[in-house]
Amino acid sequence: MRGFRPTGSGDDEPSNARRYEAFGRVMAALATQADFIESCRDLTWWRGSDDSWHIEWRDGPYAAEVAELLAEHVRDPDFDGALVTAAGPGNAATAVLDVMGVRFELRAVDPMGRARVGSRPAFWRLSEALDTTRRTTARQPWEELLGG
């Protein structure tokens, strides 16, 4: 799909292609934010029964902070307008967004907020766990997973 086009001509139901495009744009925006990805545990997502997307994580930033992040980073150079709009008030635990006509429900379980995540000492980092250049006597998590 080349460039986002808002729904028109009475088409209120987003197509499957648009649902997955919106999901891809959201996940791509989150992937570029290393501090978000590394501060979350148990990041998971699923498609809701109403064709919405649900994204949930433990620890990490507040849901409202992630909603702001997505509003800033989900863009399309061929579209003059916002692709992300708030579909309701956000708070520490939940936020609801409309991304390209697709509903996203964000849920943070036991969030710490971005400010506290950055200041937390000795915080476990995903990048450290996946660093294959640093050798130790213990087996690496990926070695356990792959049986190496």
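For clarity, every value in this text was computed on a predicted model and none was experimentally measured.

### Focus on the overall build of the protein chain
Part 1 of the argument: Along its length, the protein chain carries six helices and five strands.
Part 2 of the argument: Secondary structure elements of the protein chain, listed N to C terminal, follow the sequence α-α-β-β-α-β-β-β-α-α-α.
Part 3 of the argument: Within the protein chain, the fraction of its 148 residues that count as buried is 36%.
Part 4 of the argument: The contacts of the protein chain with a sequence gap of at least 6 include a subset with a gap of at least 24, amounting to 57%.
Part 5 of the argument: Counting every atom, the protein chain has about 8,800 Å² of accessible surface; 52% of that belongs to carbon and sulfur.

### A short note on the pairing of strand β5 (residues 102-109)
Part 1 of the argument: Bridge analysis of strand β2 (residues 53-59) against β5 gives six bridges, and the strand direction is parallel. Within β5, the residue paired with His-54 across the bridge is Glu-105.
Part 2 of the argument: Bridge analysis of strand β4 (residues 94-99) against β5 gives six bridges, and the strand direction is antiparallel. Across the sheet, the residue bridging to Ala-95 is Leu-106, located in β5.
Part 3 of the argument: Taken together, β4 and the strand that follows it, β5, pair antiparallel across an intervening segment of two residues, in which Met-100 is found at a positive phi of about 55°.

### Observations regarding the nonpolar core
Part 1 of the argument: One finds Leu-30, Trp-57, Leu-70, Leu-97, Val-99, Phe-104 and Leu-106 to be the most contacted residues of the largest nonpolar core, which totals 27 residues.
Part 2 of the argument: Counting residues per element, the ones that place at least two in this core are α1 (16-31), β2, α3 (63-73), β4 and β5.
Part 3 of the argument: For this core, the leading source of residues is α1, giving six residues.
Part 4 of the argument: Those residues in contact with Leu-106, other than ones at most four positions away along the chain, are Ile-55, Trp-57, Ala-63, Val-66, Ala-67, Leu-70, Ala-93, Thr-94, Ala-95 and Leu-97.

### Brief notes about the pairing of β4
Looking along a regular strand, one sees the side chains alternate between the two faces of the sheet.
Part 1 of the argument: In the sheet, strand β3 (residues 84-86) pairs with β4 via three bridges, with the strands oriented antiparallel. Within the sheet, the bridge partner assigned to Ala-86 lies in β4 and is Leu-97.

### A short note on the sheet that holds β5
Part 1 of the argument: With mixed pairing, five strands are arranged side by side in an open sheet as β1-β2-β5-β4-β3. The outermost strands of the open sheet, each flanked by one partner alone, are β1 (40-47) and β3. Put simply, the sheet's adjacent strands are angled 25° from each other on average, direction ignored.
Part 2 of the argument: Of the strands in this sheet, β1, β2, β4 and β5 are in contact with α1, which crosses β5 at around 35°.
Part 3 of the argument: Lying on the sheet, α3 is in contact with β2, β3, β4 and β5; it crosses β4 at an angle near 20°.

Definitions and cut-offs
Residues numbered from 1 in each chain as written. Predicted model: local features only at pLDDT ≥ 70, side-chain atom pairs only at ≥ 80, totals over all residues. Heavy atoms only, no water. Helix = DSSP H or I, 4+ residues; strand = E, 2+ residues; numbered from the N terminus. Buried < 20%, exposed > 50% of the residue type's maximum accessible area, 1.4 Å probe, protein only. Contact = heavy atoms within 4.5 Å. Areas by Shrake-Rupley, 256 points an atom, 1.4 Å probe, with all protein chains shown as cover. Pairing = 2+ DSSP bridges. Core = buried A, V, L, I, M, F, W, Y, C linked by side-chain atoms within 4.5 Å. Axes fitted to C-alpha atoms, helices over the stretch in contact; angles between N-to-C directions.

This is a description of form; function is not addressed.
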